[in-house]
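# Overview (structure and organization)
Spelled out from the first residue to the last, the chains are:
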Amino acid sequence: MEFLFDTATPLGWFIVKTLVILAFVVVLLVSLAFILLADRKIWAAVQMRRGPNVVGAFGLLQSFADFLKFVFKEAVIPAGVDKPIYALAPVLTLVMAFITWSVIPVAPGWVIADLNLGILYVLAISSLGVYGIILGGWASNSKYAFLGSLRSTAQMISYEISIGLVLITVLLLSGSLNISTIVEAQSGGFWNWNGIALSPLTFVMFPMMVIFFISALAETNRPPFDLPEAESELVAGYQVEYSSTFYLLFMIGEYLNIVLMCAMISLLFLGGWHAPFDFAPFTWIPPVLWLAIKICFIFFLFSMVKAIVPRYRYDQLMRLGWKIFLPLTLLAVILVAAWVTFIAGGA
Amino acid sequence: MSGLLLDYLPILIFTAIALVISFAFLAMPLIMAPAAPDDEKHSTYECGFPAFDDSRMKFDIRFYLVAILFIVFDLEVAFLFPWAVSLGEVGPYAFWAMMVFLGELIIGYIYAWKVGALEWD
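Throughout what follows, the structure given in this document is the object of discussion. This is a predicted model, so every value here is computed, not measured. (Residues numbered from 1 in each chain as written. Chains lettered and ligands numbered in written order. Predicted model: local features only at pLDDT ≥ 70, side-chain atom pairs only at ≥ 80, totals over all residues. Heavy atoms only, no water.)

Another point: the overall build of chain B. Along the backbone of chain B there are three helices and zero strands. Beginning at the N terminus, the succession of helices and strands in chain B can be written as α-α-α. Against the 2.2 N^0.38 benchmark of 14 Å for 121 residues, chain B shows a C-alpha radius of gyration of 25 Å, more extended than a compact globule. Taken along its principal axes, the extent of the C-alpha atoms in chain B is 70 × 55 × 15 Å. Considering chain B as a whole, with its 121 residues, one finds that 31% of them fall into the buried category. (Helix = DSSP H or I, 4+ residues; strand = E, 2+ residues; numbered from the N terminus. Rg over C-alpha atoms; globule rule 2.2 N^0.38 Å. Buried < 20%, exposed > 50% of the residue type's maximum accessible area, 1.4 Å probe, protein only.)

This is how it looks when you write it as structure tokens:
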């Protein structure tokens, strides 16, 4: 049996990698179950409700009960849909959401594929996620779904540009596309983190972090930018004809993307797995836990925004993306490039 | 196998696993859940009346415009990636070269703003 797990042989390497990926998927899905619960609990707390509290202690098992409910519901596939595309759309969404995670390092060396082009890969695959939404909306043969998917696509591609430009500012500072290298460049304490460093550049980088956060809200169709599924006008947007696990795949994909965005903010701006102070009591906590803490903190902000901020109007949303974020991020790219060329490089 | 391709092999394995999980999820209700087909249930969702017209209808030209603008700016971002990674090493020449390009791009952006391509109402 030993030889099966020997990473020197191709077969052993394949088996070990597959097991690692399976373990990662299980950890991801189980954490997602609790993150979903946290989202609902925080939302409830803001509205002075209790939230889910029946299944398990404090409702801890609510997400698992929901999963069972999804599985045992009839999958209603409306008569007019384009069946192959209708089934493909949620699969595409979930697969894209999953495989983006393969380049996210969760601790030094703990990464499924340590690509040199990590950031570019994340940008490329998260762009492909749009296809799941537009195909789902088109295949459903419903006006609500069609309009919702159009809105959603326009919104996602608009904010992708500001996300891309914010990524450029980070790349300028770190000089690498590899996410592990970007995180290592921020070691030594919170005064080295890209988002809150003790340097004049922070006046540019901190706003960039905020813009990334807001764009991430729009990119993942979270409130206050949840126009594609604005309940009062489009019912549920592109998901309106989906039921049972077909809908579940969309939902898991959406939350995977949200947590991915939280992880990206932590890795690019908040030092990833590094402790805020590089000495004793802080270094006792393992790196992977530091990253988890940061992801949870950013997700808490996502939840609070959902609970507090009213929904945007569509023209306001497009104006924010094209007329405010685009020029601001472009200006930031120029400023950071000038800093790297003339001040950091020249010194 | 070369090292570069080997880097991407785990992603292929991950894709296969994700596909298996997705299709397993889709198959579950088809096997386990009750099925009671009904004409009303399988009709397109609409608020209390039969759906009229084709749902793949004409849509607003502005969506098309957004897509075109997206291609321009997203290509430009993709163009910036290699420059951003190597700027620390190639120095001021690369900086000024890119500023000329960005200057042209900003002229285009101002033009798009002036003709109202960025307006939504």
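Residues and elements named next belong to chain A. The N-to-C vectors of helix α4 (residues 118-139) and helix α5 (residues 143-174) enclose an angle of 175°; their axes lie 8 Å apart at closest approach. Relative to α5, the element α4 is oriented roughly antiparallel. Residues I119, L123, S126, S127, V130, I133, I134, G137 and W138 of α4 form the contact with α5, whose own contacting residues are A145, F146, S149, S152, T153, M156, E160, I163, G164, L167 and L171. Within the contact of α4 with α5, the residues separate by chemical class into 12 nonpolar, seven polar and one charged. (Axes fitted to C-alpha atoms, helices over the stretch in contact; angles between N-to-C directions. Parallel < 35°, antiparallel > 145°, perpendicular 65-115°, else oblique. Contact = heavy atoms within 4.5 Å. Nonpolar A, V, L, I, M, F, W, Y, C, P; charged D, E, K, R; others polar.)

The next subject is the interface of chain A and chain B. Interfaces are frequently sized by the accessible area removed from exposure as the parts join. If you look at the interface, chain A gives 81 residues, while chain B gives 70 residues. Across the chain A to chain B interface the summed buried area is about 6800 Å²; carbon plus sulfur atoms make up 79%. Inspection of the chain A/chain B interface yields one salt bridge. In this structure, E119(B) engages K323(A) in a salt bridge whose closest nitrogen and oxygen atoms are separated by 2.6 Å. Taken together, the links from chain A to chain B amount to three residue pairs in polar contact (both at pLDDT 80 or more). If you list the elements that add at least two residues to the side of chain A that touches chain B, you get α1 (10-46), α2 (62-71), α3 (83-100), α4, α5, α9 (244-269) and α12 (314-344) of chain A. Counting residues per element, the side of chain A that touches chain B draws most heavily on α5(A), which supplies 16 residues. A class-by-class count of the residues in the side of chain A that touches chain B yields 60 nonpolar, 11 polar and 10 charged. (Buried area = accessible area lost by both parts, 1.4 Å probe. Salt bridge = Lys/Arg side-chain N within 4 Å of Asp/Glu carboxyl O. Polar contact = N/O pair within 3.5 Å; in protein donor to acceptor, adjacent residues only side chain to side chain.)

So yeah, pure geometry; function would need other evidence.
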